[in-house]
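Architecture at a glance
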Amino acid sequence: MSLWLQPGAQAQWRRHYRHLRDRRGATPPTAVLLTLAWAVAWCFLPLESGRWQSLLSSHSGGFTHLQRRRPGIADPLRYGLQFLWLLLVRPRRSHAARASRRERFKPLARARGFLYPRANKVAQRVERHLRPALSTFEGDNPDGSAATRNTRWLLILMGGTTAILMLLVITQPFTLPAQALFSVLLWIIALIVRRLPGRFSTLILVVLSLTVSCRYLWWRYTSTLNWDDGLDMTFGLLLLGAETYSWLVLILGYFQTLWPLNRKPVSLPEDTREWPSVDLMIPTYNESLEVVRPTVLAALGLDWPKDKINIYLLDDGKRAAFRDFAADVGVGYITRDDNNHAKAGNLNHALTVTQGDYIAIFDCDHVPQRSFLQMTMGWFLKDPKLGLIQTPHHFFSPDPFERNLDRFRRMPNEGTLFYGLVQDGNDLWDAAFFCGSCAVLKRRAIEAIGGFAVETVTEDAHTSLRLHRKGFTSAYLRIPQAAGLATESVSAHIGQRIRWARGMVQIFRLDNPLFGPGLRLSQRLCYVNAMLHFLAGVPRLIFLTAPLAFLLLHAYIIYAPAFLLLAFVIPHMLHSGLTNSHIQGRYRHSFWSEVYDTVLAWYIALPTTVALINPRKGKFNVTAKGGLVDRQYFDWSISRPYLLLILLNLSGVVAAIWRLQSGPADEIPTVLVSLVWVFYNLVILGGAIAVAAEARQVRRNHRVSITLPGAVQLPGGYAYPCTLQDYAEGGLGIVLPAAGLVNVGDTLTLLLQRGHQEHAFAARVVNASGERAGLELEKMPLAKHVDYIQCTFARADTWSLWRDDLPADRPMKSMIDVVCLGFEGYRRLFQHAPRVVRAPVSWLGSFIPQRPHEAS
Amino acid sequence: MIRVAVQGCRGGTGASSIVAGLAQALVNAGERVLCIDLDARNLLRLHFNHDWRDEHGWANAVDNGQTWHAAAFALGTHLHFLPYGHSEVAPVEALNGDEWQQRLKELDKDTYRWVLFDLPAASFAQDHFSADVTLTVVHADPACHVLLARRQFHENDYLLVNHFTPSSLLQNDLYTLWQAQYSDRLLPWTIHRDEAMFEALAHKRSVTAYRSDCLAAQGIRNLAAWLLARHEEAA
């Protein structure tokens, strides 16, 4: 080598080689090859010059990601690609620089500032004209007066005319331009109307949405089916069936949630002797004592005359520890010889050995607030026909969606829609139903229907259906009066939903609310919608695979030109999205239903279909609660069906690209529409996959976040006010007014208020940083423990504060959110993939050039 | 001028400390305050960083034929205080509320919004000291319980529990009992036992000025806020 190389160059080569071997960990052959490649590059490029040096240096960022990895044989290619990329893109700007660029785009903001107020002004003007009419609609018109009877005839007449006009609008065939114009006009009306306050605007939006959606479905039925081709027709009918299902659920949903009742509590008589007696029942089967204890202790602290309340622990597990605990705290303990009919049987047995006028039921992990009975019982005294009052199920731990997607209390959770809106909407139609816990039932009513229903696995809904059939009414009070634990893992969540779905479909078959005596039409519709909701599995799977019928099998599932399809389907989607966002926005953000439904779709598809065919199959399975997901993992078994669907959709993408290349030109729009659909499916499936990556739970005792004033008394006699930030059964987190007031290991006295009473609890400091401190409670005697539960879990005001700070729905933002979630799902999938899959993909990925950050 | 009289139910309940703390809390809220010590032991001044050897006060001034407010001291712009001073013969008008109301009329109407009187611990012989608000400072202990039972309440008389320790069963029981017995007299919060309250006097300051973030100071701030809200309503 020394023969044909200058000594200086030789030293350079050696240095480069040693750098690759020692510093960057290259293998000898790689190092030799790369050194050679570097030398070749040097022959053509002045790599020693200042400019090249600065470009290649790790500070500039242009090649940083390559300099960080272990050198590989293909590195020259990577450097080459990155070099070309650097020629094409501008470096990513820092945050500050981007902010200044946003300044430059001020004209856009100014235009918006110009347009929005004017649009608002128009809306306000319209509203001013409409206001007198609106208030007569919104006001409470007393029924039965002569004037109302006259207007009723007028309304029926108007309604009839409108229905005929509506029919005309729905069935009138339009050409493509006419349909497009029609859609745009309706959309403009919707955009203006949605800014009007009050329920009337909701009504208009619903009417617009109904018009557009009915028109779409009519068009689908009349002119998009190809009856000549068997394949086309089969897939076409399947899709049309799924769409009809969605349409039905949409319409019933509008009906159900149009006018939430927002019932208020009724006050009880002054004289507590008139208050009825209540049996509070806590059924349990296999839950641990740690889960049950706070519930029982909180029940002991309910504000109700002590001689009029009896608490019973109904233990189907027949455990000695539970019997001893019940005896210790002085509550009743009931067991039975068999375990027939699970929870319903347990309750029915308890009915035979108790006497109270009313029965309050709490799942063993739902901690009641002290005000529960005082808030709910008033309605029973006011309405003698009332058989049931239900309050929301509220959770102080994140459900698996919230935990795995890191969205706890950052948006409405999955249950919010049902307990915030649907039950409240049901209540208007006297169709609010029993949800198994946090409810009070009248004993006389339960006895009139022969006890809790045992025929299905959802005894709760079935029981209330029977109550309604017997002429009892139900009420829903949308004030959280208890809180519990959410299911702790996705698989447990899915298991619970399978049970609900199966049970609801069983009721649908065994005791169909559409038929049979005693129900009003509105009640029938509400119950049917609740049941139809759980049949969503099969239609969802059809939507997730429908475009593949065309892309893979070339079946014309929608036998219509692509542009005409767009002119019909886009308004249908936009209007239903906008209207639902208007009605449900506070309770569920747009597009999230898609993710929730998709996660469940596969799993409820089969059980519901089976239950639909043979409703007597299927047993009650207990929802596991209070567990701990102790490590981060990816639930492969849960996500397997979704991986299959993703693969199918990916093959659809490949097929679409092939069709674009080699298919006939007139099919291109159809292929593009299908492709968009496939991508949408992929995003939603990505979201479903993201849920399967189980995040780790740190603590066994779920901590409840709160802001509550308290105080501490320190060892030296000093006392300070503090703010309680979170609490659990065994410990609390506080914020003190200054740093360094407490040290780890100090014992102190924590003072908490409950009403006018102040309670002191001995605690030990287990961690302290700055103003924050974590406390662990010392062992407490029972009475103290009851006090503690009363000061924390069972406070009457805690839960009601929670929903205030949730951001409102913004459909576009929500869409971006869901799209990001989809990508996140694929990222997590990749992270947890086996090495065999991950290695080649990440090797391929290493060739992708990266956009550097701008040097500051 | 709103006259607030603070008096211990018996000796040693910490009434003077509360007067000093309350004065500071009101000043912090932007009010102009005058504190007058009506206790011959003449201790209130020590909360205001006053020299303990200085025995001038309104009693000497009255004895010597000067005007009663000649011996007032200023602590900042908003807080003035008037020590009792020293007098061989106890001034008879010391504990006469009407007499003091006459005296206050000599002042400009808006010199002070609040006048706080630090009264000596109650005794049976003593007449009712008329003021706009009278606070009786009590400990949740049996002695105060007996004294309260024999007490005649007047309009605008309120009870304030000081040095409260919630971990004491006895104190909690008495407090709960009083909540029922004196529901319209007992103020709905307490001032907790807090070492900072005693340290404050050792530093010759009011607790509000000494450690504004401690629990006792918070209780006193509550008192100030209650007084302010009460007289906001009245106005």
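Structure: see above.
Since the model is a prediction, treat every value here as computed from it, not as a measurement.

Scanning chain A from N- to C-terminus turns up 29 helices and 17 strands. Principal-axis analysis of the C-alpha atoms gives chain A an extent of 110 × 85 × 60 Å. Counting only residues that meet the buried cut, chain A has 48% of its 856 residues in that class. Across chain A, the fraction of contacts at a sequence separation of at least 24, relative to all contacts at a separation of at least 6, is 77%. About 41,600 Å² of surface is accessible on chain A, with carbon and sulfur atoms providing 62% of the total. Between the averaged position of the 92 positive side-chain charges in chain A and that of its 65 negative side-chain charges there is a distance of 9 Å.

The subject of this paragraph is the interface of chain B and chain A. Accessible area lost when the parts come together is the quantity often used to give the size of an interface. Taken together, the contact pairs 20 residues of chain B with 17 residues of chain A. Together, the buried faces of chain B and chain A total about 1,400 Å²; carbon and sulfur atoms form 50% of this surface. If you sort the residues of chain B by the area they bury against chain A, B:Pro166, B:Asp213 and B:Leu215 come out on top, with a joint share of 31%. Across the chain B-chain A interface, the total number found is zero salt bridges. Elements represented by at least two residues in the side of chain B that touches chain A include exactly helix 5 (169-181), helix 6 (195-202) and helix 8 (215-234) of chain B. When the residues that make up the side of chain B that touches chain A are grouped by side-chain class, the tally is six nonpolar, eight polar and six charged.

Right, let's get into the pairing of strand 2 (residues 33-37) of chain B. Residues and elements named next belong to chain B. Of all five residues that make up strand 2, five are buried, and the element is covered over most of its length. Side chains of strand 2 alternate between two faces, with Val33, Cys35 and Asp37 and Leu34 and Ile36 buried alike. Pairing of strand 2 with strand 4 (residues 79-82), which is carried by four bridges, proceeds in the parallel orientation. Each residue of the ladder has a partner; that of Ile36, found in strand 4, is Leu82. Two elements, strand 2 and strand 5 (residues 114-119), share five bridges in a ladder whose sense is parallel. Its bridge partner being in strand 5, Val33 is matched across the sheet by Trp114.

When the terminal C-alpha atoms of helix 25 (residues 636-662) of chain A are compared, their 37 Å separation across 27 residues agrees well with the 39 Å that a helix rising 1.5 Å per residue should span. Within helix 25 of chain A, burial applies to A:Ile638, A:Ser639, A:Pro641, A:Tyr642, A:Leu645, A:Ile646, A:Asn649, A:Gly652, A:Val653, A:Ala655, A:Ala656 and A:Arg659.

With that out of the way, let us pick up the pattern of salt bridges. Residue and element names in this part refer to chain A. As enumerated under the stated definition, the model contains 30 salt bridges over all chains in all. Of the charged contacts, one joins Glu459 and Lys343 as a salt bridge, the two residues approaching to 4.0 Å between their closest N and O atoms. Taken together, the positions of Glu459 in helix 19 (residues 459-469) and Lys343 in helix 14 (residues 342-353) put the pair 116 residues apart, joining distant regions of the chain. One exposure class covers both Glu459 and Lys343, and it is buried. For the salt bridge of Glu414 with Arg497, the shortest nitrogen-to-oxygen distance reads 2.7 Å. One end of the pair, Glu414, is in helix 17 (residues 414-428); the other, Arg497, is in helix 20 (residues 490-510), with 83 residues separating them in the sequence. Each member of the pair, Glu414 as well as Arg497, carries the same accessibility label: buried. Here the residues in one salt-bridge network are Asp279, Arg443 and Glu447, joined through shared partners.

Now for the sheet that holds strand 1 (residues 278-284) of chain A. Residue and element names in this part refer to chain A. If you walk across this open sheet you meet the seven strands as 3-2-1-4-7-6-8, and the pairing is mixed. At either end of the open sheet lies a strand with only one pairing partner, and these are strand 3 (332-334) and strand 8 (473-476). Each neighbouring strand pair of the sheet contributes to a mean axis angle of 25 degrees, computed without reference to strand direction. Pairing of strand 4 (residues 358-361) with strand 7 (residues 439-442) involves four bridges; the strand directions are antiparallel. Bridged to Ala360 within strand 7 is Val440. Strand contacts of helix 14: strand 1, strand 2 (309-315), strand 3 and strand 4, with the helix running at about 145 degrees to strand 1, the strand carrying the most contacts.

Before going further, it helps to examine the packing of aromatic side chains. Enumeration according to the criterion identifies 31 aromatic pairs over all chains in this entry. Ring centres 6.2 Å apart and planes at 40 degrees place the aromatic pair A:Trp592 and A:Tyr596 in the tilted group. Of the two residues, A:Trp592 and A:Tyr596 are both situated in helix 24 (residues 592-613); the distance of four residues between them amounts to about one turn of the helix. Here A:Trp592 and A:Tyr596 have matching classes, each one buried. In this structure an aromatic cluster arises from ring pairing among B:Trp58, B:Trp68, B:Tyr84, B:Trp100, B:Phe117 and B:Phe129.

To continue, consider the sheet that holds strand 17 (residues 772-777) of chain A. All names here are of chain A. What the six strands build is a closed barrel, ordered 12-13-14-17-16-15; its pairing is antiparallel. Pairs of neighbouring strands in the sheet enclose a mean axial angle of 45 degrees, with direction left out of account. Sheet analysis places strand 12 (residues 704-713) next to strand 15 (residues 747-754), joined by three bridges and oriented antiparallel. Bridging across to strand 15, Ala711 finds its partner in Leu751. Each of strand 12, strand 13 (719-727), strand 14 (731-735), strand 15, strand 16 (757-769) and strand 17 is contacted by helix 27 (residues 782-791), which is oriented at about 80 degrees to strand 16, the strand it contacts most.

Moving on: helix 9 (residues 176-193) of chain A. All names here are of chain A. Relative to the 26 Å expected for 18 residues at 1.5 Å per residue, helix 9 spans 26 Å between its end C-alpha atoms, a close match to the ideal helical length. Buried residues of helix 9: Gln179, Phe182, Ser183, Leu186, Ala190 and Val193, and no others. Axial view of helix 9: buried residues confined to an arc of 100 degrees, hence all on one face. Turned more than 90 degrees away from the buried face of helix 9, the exposed residues are Pro177 and Leu181.

The next subject is the state of the cysteines. Tallied over the entire structure, the rule returns zero disulfides over all chains. B:Cys35 carries a free sulfur, and the closest cysteine sulfur to it, the one in B:Cys214, is 18 Å from it. Between B:Cys214, a cysteine without a disulfide, and A:Cys722, which holds the nearest cysteine sulfur, the sulfur-to-sulfur distance is 14 Å.

Once that is clear, we can look at a nonpolar patch on the surface. All names here are of chain A. A cluster of nonpolar side chains, contributed by Val122, Val126, Leu181, Val184, Leu185, Ile188 and Ile192, occupies part of the molecular surface with about 550 Å² of accessible area. Elements supplying a minimum of two residues to the nonpolar patch: helix 7 (106-138) and helix 9. At five residues, helix 9 tops the list of elements feeding residues into the nonpolar patch. Judged by relative accessible area, Ile192 falls into the partly exposed class, the value being 34%.

About the cut-offs
- Residues numbered from 1 in each chain as written.
- Chains lettered and ligands numbered in written order.
- Predicted model: local features only at pLDDT ≥ 70, side-chain atom pairs only at ≥ 80, totals over all residues.
- Heavy atoms only, no water.
- Helix = DSSP H or I, 4+ residues; strand = E, 2+ residues; numbered from the N terminus.
- Buried < 20%, exposed > 50% of the residue type's maximum accessible area, 1.4 Å probe, protein only.
- Contact = heavy atoms within 4.5 Å.
- Areas by Shrake-Rupley, 256 points an atom, 1.4 Å probe, with all protein chains shown as cover.
- Lys, Arg positive; Asp, Glu negative; His and termini not counted.
- Charge placed at Lys NZ, Arg CZ, Asp CG, Glu CD.
- Buried area = accessible area lost by both parts, 1.4 Å probe.
- Salt bridge = Lys/Arg side-chain N within 4 Å of Asp/Glu carboxyl O.
- Nonpolar A, V, L, I, M, F, W, Y, C, P; charged D, E, K, R; others polar.
- Pairing = 2+ DSSP bridges.
- Expected span 1.5 Å × (residues − 1).
- Axes fitted to C-alpha atoms, helices over the stretch in contact; angles between N-to-C directions.
- Phe/Tyr/Trp six-rings, centres within 6.5 Å; stacked < 30°, edge-to-face > 60°.
- Arc of directions from axis to C-beta.
- Disulfide = S-S within 2.5 Å.
- Patch = residues over 30% accessible without salt bridge, like charges linked within 9 Å, V, L, I, M, F, W, Y side chains within 5 Å.

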